[in-house]
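# Residue-level structural notes
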Amino acid sequence: MKVSRLEQAIVALNARQMASDNDSHIAGIDPRALLVVTLIYMIAMLSVPVHSVGMLIWFAVYPIVTAPLAHVAYERVFRDSLYVLPLVVVIGIFNPIYDRATAFMVGDVAVSRGWVSFVSVVIRGLLSVQAVLLLIRVCGFNRMCEAMRRLGVPRVLVTQLLMVYRYLTVLLQETLTMHRARTARAWGKTSYGPSMWGPFVGQLMLRTFERARCIGMAMRARGFDGSLLVSRPSRWATADTVYCMVWIPVIAAMRFADLSGIMLHLFRV
C-alpha cells in the first residue's frame, strides 16, 4: 500500500518529538550543550556584516561536520533546508533594486552591493535552518524544550512550543482524514479544483478547533496545570564541557578572524 506524504509527515513528526538517534556520536551530549552551541553559532553567524559573504561561507563548516556526527547525510539536511528558500528569497529579493552601488568587478561585469547582500541573506537563512534541523534530529524536540526550560526560558513559552509541535500532528491527522474521505468520493479524481480549497480549509479549521477543545477538556480532567512533563533531565558530564570547548573557539574564529583573507595570503605566499 502506497504511503501518502501526509502519513510520512505524521511519522516524521512523531519520531522527532520523542528522541534522538541513539547510535549517533553526539546523541549522548547534554541537550543544554547542544542548544548553547547552536545559539552561539546562530548569533555569531547573524552578526557577520551583511556584505561579508566570504566570512559567511566558513559557517557552513558547522552543519557539514555535525551532520556525519549525527549519522545523517549533509545532502539530506541541505535538501530539507531548501523548503524555506522561497521565504528567504522574498526577504532579500528587493536588495539588488535598492542598493545598486558596485561591490566588486568580475571581469567587465559590475556586481552590486545589493546582490551581495541578497546572497548573504540566502546563506544565513539556509545555514540557520540547517543548524536547527540538526539540533532537533540529535536531541529531539522534547529534550530540546527541556534544555530550554533548564536554561531559564519561561515555562509558559516552553509549554507553548510543545503544544504547537504536538498539535501539528493533530492538524495533519485531521487533514489526512478529510483527504481520505474526499478521495473515497472523488470517482478517481486525485487533484483539488479551485472551488474545493475554500470549503476544505474551512472544514479543516472547524474540525481542528473541535478536536483541540476535546483534547483540552481531557487534559484538564487529568489535572493539567499549565506545564507539560517533557523528559527526564540529564546530567552535565565532561563530554558536554569538551563539546562546548571545541566548538565555541571554532565559531569565534569563524566570526572574528578573516579566514578567507588568511587562506588567500597563504596561497599567494
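It should be emphasised that the depicted structure is a prediction, and the values quoted were computed from it without experimental measurement. (Residues numbered from 1 in each chain as written. Predicted model: local features only at pLDDT ≥ 70, side-chain atom pairs only at ≥ 80, totals over all residues. Heavy atoms only, no water.)

## Brief notes about the overall build of the chain
Quick reminder of the rule: For helices the rule is a DSSP run of H or I covering at least 4 residues; for strands it is a run of E covering at least 2, with both sets numbered from the N terminus onward. Think of it in three bands: with a 1.4 Å probe and only protein chains considered, a residue is buried below 20% of the maximum accessible area for its type, exposed above 50%, and partly exposed in between. We call two residues in contact whenever any of their non-hydrogen atoms come within 4.5 Å of each other. The Shrake-Rupley method, run with a 1.4 Å probe sphere, supplies the accessible areas, and residue values consider only the shown protein chains as cover.
The secondary structure content of the chain amounts to 12 helices and two strands. The buried share of the chain, reckoned over its 269 residues, is 38%. If you take every contact in the chain between residues at least 6 apart in sequence, the share linking residues at least 24 apart comes to 78%. Approximately 16400 Å² of the chain is accessible, and the part contributed by carbon and sulfur atoms is 68%.

## A few points about helix 8 (residues 113-150)
Condition: What a helix should span is 1.5 Å times the count of its residues minus one. Think of it this way: the bend at a residue is just the angle between two axes, each fitted to seven residues, one set ending at that residue and the other starting at it.
Its 38 residues place the ends of helix 8 only 43 Å apart at the C-alpha level, less than the 56 Å of an ideal helix rising 1.5 Å per residue. A bend of about 95° at G140 is the largest found in helix 8. Taking burial as the measure, the 38 residues of helix 8 include 30 buried ones, the bulk of the element. Phi turns positive, to about 105°, at G152, one or two residues after helix 8.

## Re the nonpolar core
We apply this condition: Side-chain atoms within 4.5 Å are what join buried Ala, Val, Leu, Ile, Met, Phe, Trp, Tyr and Cys residues into a set we call a nonpolar core.
Judged by nonpolar contacts, the single largest core of 44 residues is most densely connected at Y41, F59, M144, Y243 and I251. Sorting the residues of this core by element identifies helix 2 (31-46), helix 3 (53-58), helix 4 (61-69), helix 8, helix 9 (155-184) and helix 11 (238-256) as the ones contributing at least two each. Here this core takes 14 residues from helix 8, the largest share from any one element. Apart from the residues within four sequence positions on either side, Y243 is in contact with I26, I29, A33, L34, V37 and Y62. Core analysis: the second largest hydrophobic core is formed by five residues, V88, F118, V122 and L126 among them.

## Topic: unusual backbone geometry
Unusually for a residue other than glycine, H71 sits at a positive phi of about 60°. Its relative accessible area of 38% is what places H71 among the partly exposed residues.

## Concerning the packing of aromatic side chains
How two aromatic rings sit relative to each other is set out by the distance from centre to centre and by the angle between their planes. Operational definition: Stacked, tilted and edge-to-face are the three classes applied to pairs of Phe, Tyr and Trp rings, where Trp contributes its six-membered ring and a pair requires centres within 6.5 Å; stacked means planes under 30 degrees apart, edge-to-face means over 60, and tilted covers the rest.
If you walk through the whole model with that rule in mind, you get six aromatic pairs. Here the aromatic rings of Y74 and F78 are separated by 6.3 Å at their centres, their planes lie at 40°, and the arrangement is tilted. One end of the pair, Y74, and the other, F78, are both in helix 5 (residues 74-81), four residues apart, so they sit about a helical turn from each other. With relative accessibility at 35%, the residue F78 sits in the partly exposed group. Ring pairs connect the aromatic residues Y41, F59, Y62 and W247, which therefore count as one cluster.

## Some words on the confidence of the model for the chain
Keep this limit in mind: As a per-residue measure, pLDDT tells how confident the predictor is, with possible values from 0 to 100.
Per-residue confidence for the chain averages 81 on the pLDDT scale, and 83% of its residues sit at or above 70. Considering each helix and strand of the chain separately, the mean pLDDT is smallest for helix 12 (residues 259-268), with a value of 66, and largest for helix 2, with 93.

## A closer look at the pattern of salt bridges
For clarity, the threshold we go by: Salt bridge criterion: a side-chain nitrogen from Lys or Arg within 4 Å of a carboxyl oxygen from Asp or Glu.
The full count for this structure, using the stated rule, is five salt bridges. Ionic pairing is found between R149 and E146, a salt bridge with its closest N-O pair at 2.6 Å. Of this pair, R149 and E146 are both found in helix 8, three residues apart, which corresponds to roughly one turn of the helix. Given the relative accessible area of 6%, E146 is considered buried. E210 is paired through a salt bridge with R213; the nearest N and O atoms lie 2.7 Å apart. Taken as a pair, E210 and R213 lie in helix 10 (residues 194-221) at a separation of three residues, close to a single helical turn. Salt bridges linked by common partners bring E174, R207 and R211 together as one network.

## Quick notes on the state of the cysteines
Selection criterion: The disulfide criterion used throughout: a pair of cysteine sulfur atoms within 2.5 Å.
The final tally for this structure, using the stated rule, is zero disulfides. Sulfur of C139: no disulfide; nearest cysteine sulfur belongs to C145 and is 8.9 Å away. For C139, a relative accessible area of 0% corresponds to the buried category. The exposure class of C145 is buried, given its relative accessible area of 0%.

## Some words on a nonpolar patch on the surface
Our working rule: Like-charged residues within 9 Å of one another, or nonpolar side chains (Val, Leu, Ile, Met, Phe, Trp, Tyr) within 5 Å, are grouped into patches, provided each residue has over 30% relative accessible area and no salt bridge.
Together, I93, F94, I97 and Y98 make up a nonpolar patch on the protein surface, roughly 460 Å² of accessible area in all. Of note, I93 is situated in the loop between helix 6 (85-92) and helix 7 (95-98).

## Regarding the pairing of strand 2 (residues 109-112)
Heads up, the rule is: In this analysis, strands are considered paired if DSSP registers two or more bridges between them.
Looking at chain direction, strand 1 (residues 102-106) and strand 2 are connected through four bridges and run antiparallel. Counterpart to T102 in the pairing with strand 2 is S112. Linking strand 1 to strand 2, which pair antiparallel, is a turn of two residues; within it G107 sits at a positive phi near 70°.

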